[in-house]
Amino acid sequence: MSVRRLASNQPSSFAFSADMLEKARWWMAKYPETRLQSAVIPLLWLAQEQEGWVSEPAIRAIAEMLGMPVIRALEVATFYTMFRLHPVGKHHLQICGTTPCMLRGAEELKALCKGRIGPAFQVTQDGLFSWEEVECLGACVNAPVAAIHDYYHEDLTAQDLEGLMDRLAAGETVQPGSARGRQRSAPEGGTAVLTDKSLYDGSLAVPVALPNRPASGS
Amino acid sequence: MAKILVDGVEVDVPAEYTLLQACEAAGAEIPRFCYHERLSIAGNCRMCLVELKGAPKPVASCAWGVRDCRSGPNGEPPEVFTKTPLVKKAREGVMEFLLINHPLDCPICDQGGECDLQDQSMAYGRSGARFEENKRAVEEKDMGPLVKTVMTRCIQCTRCVRFAAEVAGAPEIGATGRGEDMEITTYLEQALSSELSANVIDLCPVGALTSKPYAFNARPWELKKTESVDVMDAVGANIRIDARGSEVLRVLPRLNEEINEEWISDKTRFAEDGLKRQRLDRPFVRRAGKLTATTWDEALTAAAKALSGDPARIGALAGDLACAESMKAALDLMAALGVANLDCRVDGAKLPPGPRPAYLFNTTIMGVEDADAVLLVGTNPRIEAPLINARIRKAWLRKPLAVGVIGEPADLTYRYEHLGASPAALADLAAGRSAFFDILKNARRPMIVLGQGALARDDGAQVLRLAGRLAAAAGVVKPDEGWNGFNVLHTAAARVAGLDLGFAVGLTAAQQIMAANTGHLDTLLLLGVDEMELPRAGATVIYIGSHGDRGAHRADIILPGAAYTEKHATWVNTEGRVQYGRRAAFPKGEARDDWAILRALSDRLGKTLPYNDLQSLRAKMMADHPSFAGIDYAPGAQGSERFDPASLGEDGPVTAAPLRSPIEDFYLTNPIARASATMAACSEAASARRAVHRVAAE
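Bear in mind the structure is a predicted one, so any value in this text is a computation, not a measurement.

Chemist: Sorry if this is basic, but what is going on with the sheet that holds strand E5 (residues 177-178) of chain A here?
Modeler: In sheet architecture, strand pairing relies on hydrogen bonds along the backbone and comes in two forms, parallel and antiparallel. All names here are of chain A. Within the open sheet, the five strands sit side by side as E2-E1-E3-E4-E5. Their pairing is mixed. Edge positions in the sheet fall to strand E2 (129-134) and E5, since each has one partner strand and no second. Packed on one face of the sheet, helix H5 (residues 99-116) meets strand E1 (91-96) and E2 and runs near 145° to E1. The strands that helix H6 (residues 158-169) touches are E1, E2, strand E3 (146-148) and strand E4 (151-154); relative to E1, the one it contacts most, it runs at about 165°.

Following this line, the structure appears as structure tokens:
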């Protein structure tokens, strides 16, 4: 983690789009009128969903909507690392760099991103890509993992990620999930343990006499 | 009440006390950084750890209630230890962590010598640090012309954040980021928009927020400390003036629960550099249209000549910063000369010189906390008396407080109902044609605050009558309950003393100026009158004052006097509380105490005043005006049984002109503040802020 500051280049204004505004109102309706600031995190999240990042005008607009001091909204936006304070590309790649992913090749993914996109948080010339390293995404079984547009791409190699980026750049949609066709987090190459059929058909069952079981019939 | 043992000493404290308060009650000293009596509890510095019997680890005493402690197995009172090895080790550990990222730059830090961190690390810290990594560094933040920041020194106690949000009512400071990267800043590094902003300098336990104008000026042990009283507004905040030699270097608040608690306004704190500029340090006489420096002898002779004419053609005015002694001396001299035109209400307020409750803040400032309904008429207390405004906010935060405003709508830091802008709204209210009337009438402790903006107008007497009628109809004066809710909020430090002395006979200030312009007055004696339109050429103007401001520019004879830091003087605040200001430095150059100038002048006129020193002058003042003998005493509801607010003012029609505060720029209300570069910078920053708000509003 590092010091989180607002981006130096900011848009001049921010406004929620009509459907985002509707979602924002839905969140705000959950709280009493005097406690509207409870909705600050969902609203910041909506702003990020709309723009890809949280800009200073967005923070100000949200604080105003919720009737809270703008510094309080800034505190929240800078506290949570999932709020991106800098512009990102159309496709923002979040590469998990925590230990299990690192052991399974996240370093190569990061090297690829660095080579193809540039340093973290730098947007490519065409505005398509940016990337960042994030903390554990919680899918360690399928390491290494990258999150793109809220979806996990798992079991990645550098080639897989490169392929994903090529397809994204070409405007195609990409399918989330394991790059190796693994079913969710099932073992790779089929089941290796607990394969004995008798485990499941009841044939291994041995009649047991429970010591405190009352005599039958009574 | 709950019993608790602190280091074996049994104390009986209210159950809602925290352990820290209980320990203090038992006489144990608890170090702390984030805890402050007047702010909410944060519990994040961990310096106040104590050992609680039965608790598995040390507890933060500031955030642990006495009622939350369990008693022993046989019902013994809970036991707290503050001197055990565990506590010692805990404090050392906390101290070491706090110092990990704190630079060791005490020799170049302005807080050095009065730093909590320095003192507590001496008392409770280890002898050395074991930290060998790099220290964290934080960029400086721009917090405006008053507060200098060295944010690397910040230990994140968040006192400033809580002060801004709670006391000042300007929630503009915050802590961004988290963990090691947490930083204290204002939004986009704007200056704080509060009139109390610089109190964060006192609150900061380290050298992160220090005084910008005082930066690198002096060390605390070099300064001579004088306890005195502030004159920037009529609140009479208690201050400590720190001076080195003849120079006042800074002004700090002094604790007085009944007036300013431990806060002072930015103007009180930082107008002090105005004491070094634009000073009148020698007598001047106008010759051939030009003011020329001269000797006391010549100036006094000229003044005596001007005053020896027909007494009916002489007038005297006392300005906003005139002390009671100088007004008393002027009053006695004028009486001896037979002059019958005196006025201290230079702003034109239509206030009667008596009875006393008619012009005092009768609820007292502390009484504001008891009020449950407040009506503000023609006043913006935020800029007229920031400390009284902070009290209203304090009361508003603690309980439901209905506040109504008649006058200009402004951000007062608390919610209020705007009842109208013109006196008509007051008339409606007085006639009971408003829902707020019932609120006032049904309130147990109702309060009406009448500002000078409501009184200093042509129909001021009529507005006063309306306010008085409202006070009577709503029953805000309750003598049998010891409550007088009729308040007048003054803006000038001199005004109440002037009215107490009866410095308001004959022609009013405006009439005197008019008479001088039309040739009906030959001579005007001004005691520091700088806030009003002065007569054009014609009359001879004698000016006694400290600063070359409006009055001195018009004057024909200037007799240089002492500023408030340079004399022993009596001040009466808006509550009617008599307080003594003390001399911190001597008057500049040839300037003299104001009363002594008048005494010398009386000698020249052959009407020698009957006092040769301050003591005898004060004795005479107390004998003639007994209210001056009640030092540091606010009369409050005293005399309210004989006080009929409905009889104040005059009947008559009121105009539709909106009521507005007499103060346009908080930072530039008197000659001292106008001479101050710091106040000029503040005023500029404030007007830039207003411009931004105007643009945003459009």
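Continuing now.
Chemist: Can you help me understand the packing of helix H4 (residues 159-167) of chain B against helix H10 (residues 386-398) of chain B in this one?
Modeler: The geometry of a pair of packed helices is captured by two quantities: the angle between their axes and the separation between those axes. All names here are of chain B. The contact between H4 and H10 brings their axes to 10 Å, and the two run at 85°. It follows from the interaxial angle that H4 and H10 lie roughly perpendicular. Within the contact between the two elements, H4 uses Ala 165, Glu 166 and Val 167 and H10 uses Ala 390, Arg 393 and Leu 397.

Chemist: Which parts of the structure should I look at to understand a nonpolar patch on the surface?
Modeler: All names here are of chain A. Residues Val 193, Leu 194, Leu 199, Tyr 200 and Leu 204 make up a contiguous nonpolar surface patch of roughly 570 Å² in combined accessible area. Relative to the elements of secondary structure, Leu 199 occurs in helix H7 (residues 198-201). The class for Leu 199 is partly exposed, based on a relative accessible area of 43%.

Chemist: How should I be thinking about helix H14 (residues 460-474) of chain B in this particular structure?
Modeler: Given 3.6 residues per helical turn, the α-helix brings residues three or four places apart onto the same face. Residues and elements named next belong to chain B. Over its 15 residues, H14 extends 21 Å from the first C-alpha to the last, a length consistent with the 21 Å expected when each residue adds 1.5 Å. The buried count for H14 comes to twelve of 15 residues, which makes it a mostly enclosed element. Among all positions in H14, only Gly 460, Ala 461, Gln 462, Val 463, Leu 464, Arg 465, Leu 466, Ala 467, Gly 468, Leu 470, Ala 471 and Ala 474 are buried. Note on H14: the residue one or two positions beyond its end, Gly 475, has a positive phi of about 65°.

Chemist: Would you explain the domain arrangement of chain A in this entry?
Modeler: Note on interface size: it is often stated as the accessible area lost on association of the parts. Considered domain by domain, chain A is made up of domain 1 (18-79) and domain 2 (91-178). Here domain 1 of chain A and domain 2 of chain A have C-alpha centroids that lie 29 Å from each other.

Chemist: Help me understand the environment of Glu 641 of chain B in this model?
Modeler: Residues and elements named next belong to chain B. Examined against the element boundaries, Glu 641 turns out to sit in the loop between helix H19 (614-624) and helix H20 (671-674). Taking the C-alpha atoms as reference points, Glu 641 and Gly 482, separated by 159 residues in sequence, lie 9.3 Å from one another. A distance of 3.4 Å separates polar atoms of two side chains, one belonging to Glu 641 and the other to Arg 642.

Chemist: Looking at this structure, I do not really get unusual backbone geometry. What am I missing?
Modeler: Most peptide bonds adopt trans geometry, and most residues besides glycine take a negative phi value. Residue Pro 144 of chain A follows Ala 143 of chain A across a cis peptide bond; omega there is -5°. Among the secondary structure elements, Pro 144 of chain A is positioned in the loop between E2 and E3. Here the residue pair Gly 354 of chain B and Pro 355 of chain B is connected by a cis peptide bond, since its omega of -5° sits within 30 degrees of zero. Tracing the backbone shows Pro 355 of chain B in the loop between strand E16 (342-343) and strand E17 (373-377). The backbone of Phe 216 of chain B sits at a positive phi, close to 55°, despite the residue not being glycine.

Reading guide: rules and limits
Per chain, residues are indexed from 1 in the order of the written sequence. Chains carry letters from A onward and ligands carry numbers from 1 onward, assigned in written order. Local features in a predicted model are, by the rule used here, given only for residues with pLDDT of at least 70; side-chain atom pairs are given and counted only at 80 or more, and totals for whole chains, interfaces and linings are based on all residues. Note: side-chain values were computed over all heavy atoms of the structure, leaving out hydrogens and water. Any two strands between which DSSP finds at least two bridges are classified as paired. In DSSP terms, a helix is any run of H or I states spanning at least four residues, a strand is any run of E spanning at least two, and both are numbered starting from the N terminus. In this analysis, two residues are considered to be in contact whenever any of their non-hydrogen atoms come within 4.5 Å of each other. Orientation is described by axes fitted as lines to C-alpha atoms, over the contacting stretch for helices, and by angles from 0 to 180 degrees between their N-to-C directions. Relative orientations are named as follows: roughly parallel for angles under 35 degrees, roughly antiparallel for angles over 145 degrees, roughly perpendicular for angles from 65 to 115 degrees, and oblique for any other angle. Put simply, a patch holds well-exposed residues, over 30% relative accessible area, that have no salt bridge, with like charges counted together within 9 Å and Val, Leu, Ile, Met, Phe, Trp or Tyr side chains within 5 Å. Working definition of accessibility: Shrake-Rupley area with a 1.4 Å probe, residue cover restricted to the visible protein chains. Should a side-chain nitrogen of Lys or Arg be within 4 Å of a carboxyl oxygen of Asp or Glu, the pair is scored as a salt bridge. Only protein chains enter the accessibility calculation, which uses a 1.4 Å probe; a residue is then buried when its area is under 20% of its type maximum, exposed when over 50%, and partly exposed in between. To estimate how far a helix should reach, multiply one less than its number of residues by 1.5 Å. Segmentation into domains, and thus their bounds, comes from an automatic or database assignment. Nitrogen and oxygen atoms within 3.5 Å of one another constitute a polar contact, given that in protein one can donate a hydrogen and the other can accept it, and given that sequence-neighbouring residues count only through two side-chain atoms.

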